[in-house]
Amino acid sequence: MKLKVKEERCSGCNVCRVVCTLQNFGAVQPSQALLRIKGQFPDPGTYRIAFCTQCGDCADACPEGAIKEKNGEYNIDYDLCTQCLLCVDCCPFEVMVVTEAGYPAKCTGCGKCVKLCPRQVVLADRDARGSK
Amino acid sequence: MLYGYAGKILKIDLSSGKHSIENTPEKLAEEYLGGRGFVARLLYDMIEPGIDPLGPKNVVVIATGPLSGHLLPGSGKTHFGALSPATGGYGDSNMGGHFGPNLKYAGYDCLVLKGAADRLSTLVIDNDKIEIFAEDKLQGRGAIETEKELKDRLGEEFQILTIGPAGENRVVYACISHDFGRQAGRTGVAAVLGSKNIKAIAVRGSGNIPIFDSKAAQKKGEEMYKVCFSKPGFKTWTPYGTASITGWANEVGAFPTRNFQTSYADFHHKINGQAIIDRLLVTDKGCFGCPTPCGKYGHTKTAVGSAYVEGPEYESIATLGGSCCLEEIEEVAYANYVCDQLGLDTISAGVVVSFAMECFEKGVLSADDIGREISFGSLKDVVYLLEKIAAREGIGAILADGVKPAAAAFGGGSEQYAIHVKGLEWSGYECRNAPGMMLSYMTADVGAHHNRSWALGYDVSQSDADVSELIEAGAGGPMEVSSPDGKVDHVISMQHSRPLYDTLGICRLQTMEIGFETFHYEEVFELITGRTITWREMLFISERIWQLTRQFNVKHIEGFGRSWDYPPERFMKEPVATGPNKGRFIERNILDNMLDEYYEKRGWDENGTPKAETLAYFGLT
Amino acid sequence: MRYRWEVKLTDKITVTVNITGQLRDIYPHLEAQQVVETDQPVPVSVLILQLGINTKMVLFATINNRIAEKNYLVEQSCELNLVSPPAGG
C-alpha cells in the first residue's frame, strides 16, 4: 500500500508509529518506526510527517540490488542485503531505520498506520506514482 | 519477569549526583499496579514526618503505569508526586503528553529524585546514560521557551519536562510543563523540583517494553481503537474538549464567578468551547495514543499580548474566566499562556488572583499593598499579579504561598472567602447547591480538587424539570435544591474508579466521555502483563491507595483531622448572589452529617483517621 | 428543523437512543443503546424525559452526527445520541 498524508489533521498521537513497530518488528518501540512525526511548537503549532513515498532512492543506492520494486513499491530482499546501510543514509525523508540486528528496514506498505490513524491523517494513496 | 512494565526504577540523589537502578519490585506492581500507586507507596515509605517540603529530604516520584506506552487508547499518562508545599500533606498530579511512554522505552517505570543539585540543572536521561548539566543560563526563563530550547539542543526524540520561574521561586502552586501545553499542575510538585534546582528533565527512550503476548496484545489494541471509532461520542467529544462544560456549568449554576461570590457568568458564551473554535483554534492536539485529542492548540491576540497556547481547558476558563471575570476567550487564553510560561497551575493561580481582587474590593488590601489598584475583569491586573507571584515580589511574596496563609496574613475576615480545602485552592465547580460535589472537594486527598470524584452530575440530575418549560428548550432557570441523600456512596465509588486510570497510566476520558467499556482494559491488561485481574480487583487496589494517602496526611500533617475536611465559610454562610442557584448555600449540619456517614463508610474514626482494622484490611499496617 | 404544525399526527414512532458518559452511571436502568417507542410529535427534550433523564444532564443531542436542539422533533427510525456533560476536566 502506498501512503499519502494530510498533515493538518495530525494531533501528534503517534498511534501510527506504535502499531508500525508492533506490526513490523513485534515490539512496541516507536523510536524504530518507519515514519516520523515532528511537532512545530510553539509556532505554528502543527505537525509534520515524514513517510516513505516509495521514491526508490534506496533501491538506486543499494549496490547489491537487494531493494526491489513491485507495483511501484520497494521492499528489501534480506537474502541479498549485506548490511552496508547505504540505503539508510540516502533516504531523503530519513524514514529508514537500522534494526538491532544491524539490518536496514523500510516501510513495508502494511497499511496498519492507515487502518488505525484516528484522524485519517495517513491514507492509502491509490493513484500514487513514486515521488520525492 | 514483569511483562508490560519497563522493569526498573531509576533513583537519583541530586546532592551527590549519583544514581542507582533497581528492579521494579514485583510485590509493588502486584499490590499497587503503578502510576499513582507507585507514587503513594514510595512517598509513604521514603519521607519522614517533619521534613521541609522545600528541603532536600523531600522526594519527587514520577511514575508510569503498566498500560502506559502500549498500543491502546489513551496510553500516555504520567503521574507525579511529592510532599506538597501547599498542604504539607500528600501531593500528586497527573499529566498527559508523551513523557511517560518514553520513560518506559528508556527502561524505567519510575523516576525517584532525592536531595538537591547545588546549581540549577537539567537532568538528561538518554536511555541508560544519566547526566546532570548545570544550566545557569536557563535561570528565570519561561517553561515553554525552555522546552523549545532543549528540544532544539537535544533533538525531537527527547520528551521534556520544564519548570518556569514560579517553580524556581518555589511558588507552592507552581506546575510542571511538557509538550508545549500539558502540565502536571496541582499541589506544587514543580516547587519541589525548583527546590532541588531541577529546571528540566529530558528523556529519550529507544527501547521497547516487554509484552507477555505481543501478537494478541496488538490485535486487542487495534480492536480497542476500532471500538472507540465506533462510539457515537467519538466525533462529538473531540471538537470542543473540556471547554464544552462551560455552558452547562452556567446553566446549572456551578460556574465559579468573581472569587466564588456567585455561580453564574452572563458572559459565559464568550469564553466557551465554541468561542475557542471560532476565535483561537489551530490544531486539535493530543496525548500519546489518544484517539480523541481534546487539547485545543491555538493563537490568541489581546491588547496586553499575543501568544500560541494550548487551551484554555474548562478549569482555566472557570478560574481565569469565571473567578477573575475575564470576559473574552482571547483574554482567558492569554492569561492561560502567562501561567504556562511562568509555570503556574492555572487553577490555583486563578483562584489566588481572584482572592486578591476581592481583598482589594473589600478594602482588606490597599493599592499600596498591591502596588496598584486592581479589579475583576482586567487582564492587565491578572497578568500583573501572576508576574508578581512568580517572582515572589511585593504582594506576590505572600500570594505565592496560596490563599490559606495569605488570608491569615491579610486578616480582615478574608479567611471566609479564601476558597480552599487543606491549603489547595478550589477548582472549577461552585457547589453551594451540589452536596455530593461539595463532599468530593472536602474529602479529596490532595485538597480541593474535582478530579477524584466528579459527583456534580448526581447533584444536578436530581433537580426536577417541568415538562412544559422544556418544550421551550430554555436554560438558566432556577435549580431545585439538591439533596445530600445517597451522595456519599457515589463519592466513595468515584474516588476509587477515577484515580484507577492514574494508577494504570492511561487517560480516563475515553471511558468517561465516549463510553469506552472498562472490560477492554481487563483483557488487554492480561495480554500485556500476563496477569489476570478484574476491574473490580483493580478498584480494590485503588481503594487501598485511597486509605494510604489518607494515612499519609495523618502521618505528616500535625493535628490533621476532621477540621481539615471542611470547605470555606463562604459556602456555609453566604447565599449565591445570582444565577440558577441564587440564594443557595449549604448548612453546616448537612456537611457534618455527610462527613459522619463518609467516615463510617470509609472505616475511619470520628476525626477521620483510618482505624487500625481498616488499615489491616487493606494490608497497610 | 421540523415545526410542530408541519407534522401530521400519526401512529407511534420508534427511535434508537444511545447514551454515554455519566448518563450510564447516573441512570443504570438504561442501556448504552435502546429502541424507544413514542407518540409523534415528540421533541428531543420530551423524549429525554420519557427515558427518565433530567434534561439538564444532557449537554447536547445529535442526530446523524449533527447537533439537534432540544426542541427538534424526532423522526421515525432516527438514531439519537445523548451526550452528557464531560465529567470534569
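Our structure is the block above this text.
Residues numbered from 1 in each chain as written. Chains lettered and ligands numbered in written order. Predicted model: local features only at pLDDT ≥ 70, side-chain atom pairs only at ≥ 80, totals over all residues. Heavy atoms only, no water.

1. Points about the overall build of chain A
Selection criterion: Each helix is a run of H or I in the DSSP string that is no shorter than four residues. Each strand is a run of E no shorter than two, and both are numbered from the N terminus. Each radius of gyration is computed over the set of C-alpha atoms, and the globule rule expresses the reference value as 2.2 Å times the number of residues to the power 0.38. Exposed residues in this analysis have more than 50% of their type's maximum accessible area, buried residues have under 20%, and partly exposed residues fall in between, with area computed by a 1.4 Å probe over protein chains only. By definition in these notes, contact holds between two residues if any of their heavy atoms fall within 4.5 Å. For accessible areas, the Shrake-Rupley method is used with a probe of radius 1.4 Å. Any residue's cover is judged against the shown protein chains and nothing else. Positive residues here are Lys and Arg, negative ones are Asp and Glu, while His and the chain termini are left out of the count. Charged groups are reduced to one reference atom each: NZ for lysine, CZ for arginine, CG for aspartic acid, CD for glutamic acid.
Each helix and strand counted, chain A has four helices and eight strands in total. Here the C-alpha radius of gyration of chain A, 15 Å, is about what a compact globule of 132 residues would show, namely 14 Å. Here the C-alpha coordinates of chain A stretch approximately 40 × 35 × 25 Å along the principal axes. In chain A, which comprises 132 residues, the share counted as buried stands at 56%. Within chain A, counting contacts between residues at least 6 apart in sequence, those at least 24 apart form 56% of the total. Surface summary for chain A: the accessible area is close to 6,200 Å², and the carbon and sulfur share equals 45%. On chain A, the mean spot of the 17 positive side-chain charges and the mean spot of the 15 negative ones are 8 Å from each other.

2. Considering the interface of chain C and chain B
Definition in use: Two parts placed together each lose some accessible area under a 1.4 Å probe, and the buried area is that loss summed for both. Think of a salt bridge as a Lys or Arg side-chain nitrogen and an Asp or Glu carboxyl oxygen that are within 4 Å of each other. A 3.5 Å cut-off defines polar contacts: any pair of N or O atoms within that distance qualifies, except that in protein one atom must be a possible hydrogen donor and the other a possible acceptor, and neighbouring residues in sequence count only when both atoms are side-chain atoms. Each residue receives one of three labels: charged for Asp, Glu, Lys and Arg, nonpolar for Ala, Val, Leu, Ile, Met, Phe, Trp, Tyr, Cys and Pro, and polar for the others, Gly being one of them.
The partner chain B presents 35 residues to the 29 residues of chain C that form the contact. Roughly 2,600 Å² of surface becomes buried between chain C and chain B when both sides are summed, with 62% attributable to carbon and sulfur atoms. Viewed at the interface, chain B and chain C are joined by zero salt bridges. Taken together, the connections running from chain C to chain B amount to four residue pairs in polar contact (both at pLDDT 80 or more). Every element with two or more residues in the side of chain C that touches chain B is listed here: helix H1 (22–26), helix H2 (44–50), strand E3 (60–63) and strand E5 (79–83) of chain C. Of the residues assigned to the side of chain C that touches chain B, the class counts are 12 nonpolar, 13 polar and four charged.

3. Some words on the sheet that holds strand E2 (residues 33–38) of chain C
All names here are of chain C. To keep things clear, this is the line we draw: Any two strands are treated as partners once DSSP identifies two or more bridges connecting them. Lines fitted to C-alpha atoms define the axes, with helix axes restricted to the stretch in contact, and inter-axis angles between N-to-C directions lie between 0 and 180 degrees.
Strands sit in the order E2-E1-E5-E3-E4 across an open sheet of five strands; the sheet is mixed. Each having just a single partner strand, E2 and strand E4 (66–68) make up the two edges of the open sheet. Within this sheet the neighbouring strands show an average axis-to-axis angle of 35°, counted without direction. As paired elements, E3 and E5 share four bridges and run antiparallel to each other. Opposite threonine 62, over in E5, you have asparagine 81 as the bridge partner.

4. Some remarks on the interface of chain A and chain B
Taken together, the 32 residues of chain A in the interface contact 35 residues of chain B. Across the pair B:Glu156 and A:Lys38 runs a salt bridge, and its minimum N-O distance is 3.8 Å. At the boundary of chain A and chain B, one finds 12 residue pairs in polar contact (both at pLDDT 80 or more). Among the secondary structure elements, those contributing two or more residues to the side of chain A that touches chain B are helix H1 (15–25), strand E2 (36–40), strand E3 (46–50) and helix H4 (112–116) of chain A. Element by element, the count of residues in the side of chain A that touches chain B is highest for H1(A), at five residues.

5. Quick look at the pairing of strand E7 (residues 121–126) of chain B
All names here are of chain B. Of all six residues in E7, six are buried, a share of seventy percent or more. Neither face of E7 is open: one carries Ser121, Leu123 and Ile125, the other Thr122, Val124 and Asp126, and all of them are buried. Here E7 runs beside strand E8 (residues 129–134); their pairing, made up of six bridges, is antiparallel. Paired with threonine 122 across the bridge in E8 is phenylalanine 133.

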